[in-house]
Amino acid sequence: KAKIVLEVLKELKSISEICSENMLHPSVVVRWKNEAVQNMPEVFFDKNKKLNVIRSEYENKISILYKEIGILATKVNAIQKGSY
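Basis of the calculations
- Residues numbered from 1 in each chain as written.
- Predicted model: local features only at pLDDT ≥ 70, side-chain atom pairs only at ≥ 80, totals over all residues.
- Heavy atoms only, no water.
- Salt bridge = Lys/Arg side-chain N within 4 Å of Asp/Glu carboxyl O.
- Buried < 20%, exposed > 50% of the residue type's maximum accessible area, 1.4 Å probe, protein only.
- Helix = DSSP H or I, 4+ residues; strand = E, 2+ residues; numbered from the N terminus.
- Arc of directions from axis to C-beta.
- Contact = heavy atoms within 4.5 Å.
- Patch = residues over 30% accessible without salt bridge, like charges linked within 9 Å, V, L, I, M, F, W, Y side chains within 5 Å.
- Areas by Shrake-Rupley, 256 points an atom, 1.4 Å probe, with all protein chains shown as cover.

Novice: Can you explain the pattern of salt bridges? Please cite residues and give values.
Specialist: In total, this model carries 2 salt bridges according to the counting rule given. Residue Lys13 pairs with Glu7 through a salt bridge whose shortest N-O separation is 3.8 Å. The residue Lys13 makes a salt bridge to Glu21 at a minimum N-O spacing of 2.9 Å. For Lys13, a relative accessible area of 35% puts it in the partly exposed group. Glu21 sits in the partly exposed class, given a relative accessible area of 46%. The network of salt bridges with shared partners includes Glu7, Lys13 and Glu21.

Novice: I'd love a proper account of helix α1 (residues 2-10), names of residues and values included.
Specialist: Taken residue by residue, α1 has Ile4, Val5, Glu7 and Val8 as its buried positions. One side of α1 holds all its buried residues, which, seen down the axis, span an arc of 155 degrees. Turned more than 90 degrees away from the buried face of α1, the exposed residues are Ala2, Lys3, Leu6 and Lys10. Looking at the buried residues of α1, the elements they touch are α2 (15-22) and α3 (26-44).

Novice: How would you sum up the environment of Asn22? Please name residues and give values.
Specialist: As for its placement among the helices and strands, Asn22 is situated in helix α2. For Asn22, a relative accessible area of 24% puts it in the partly exposed group. Between the alpha carbons of Asn22 and Ile4 there is a distance of 8.3 Å; along the sequence they are 18 residues apart. In contact with Asn22, not counting residues within four places along its chain, are Lys3, Ile4 and Glu7.

Novice: Give a description of a nonpolar patch on the surface that names residues and reports values.
Specialist: On the surface, Leu6, Leu9, Val37, Met40, Val43 and Phe44 cluster together into a nonpolar patch covering about 580 Å² of accessible area. For the nonpolar patch, the element with the most residues is α3, which contributes 4 residues. With respect to the helices, strands and loops of the structure, Val37 is situated in helix α3. According to the relative accessible area criterion, Val37 is partly exposed, its value standing at 43%.

Set out below in structure tokens:
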């Protein structure tokens, strides 16, 4: 797929020529090209930035869960003491 998409992007041959050489239907090749062009920004996206966003979201979720655990532990203690 990648080889064919690169040929299409180079524009040295028409899509019809590339399709006939590789025995593919033009709609398939056009779809591959569109997918490649659409996903191209991800290739150049800084993976460390993406990792930092994921890490930040994870740490935020952990913080929220610890707060919730504290609230629930307080309620359990109150129920056990009969003051809830």
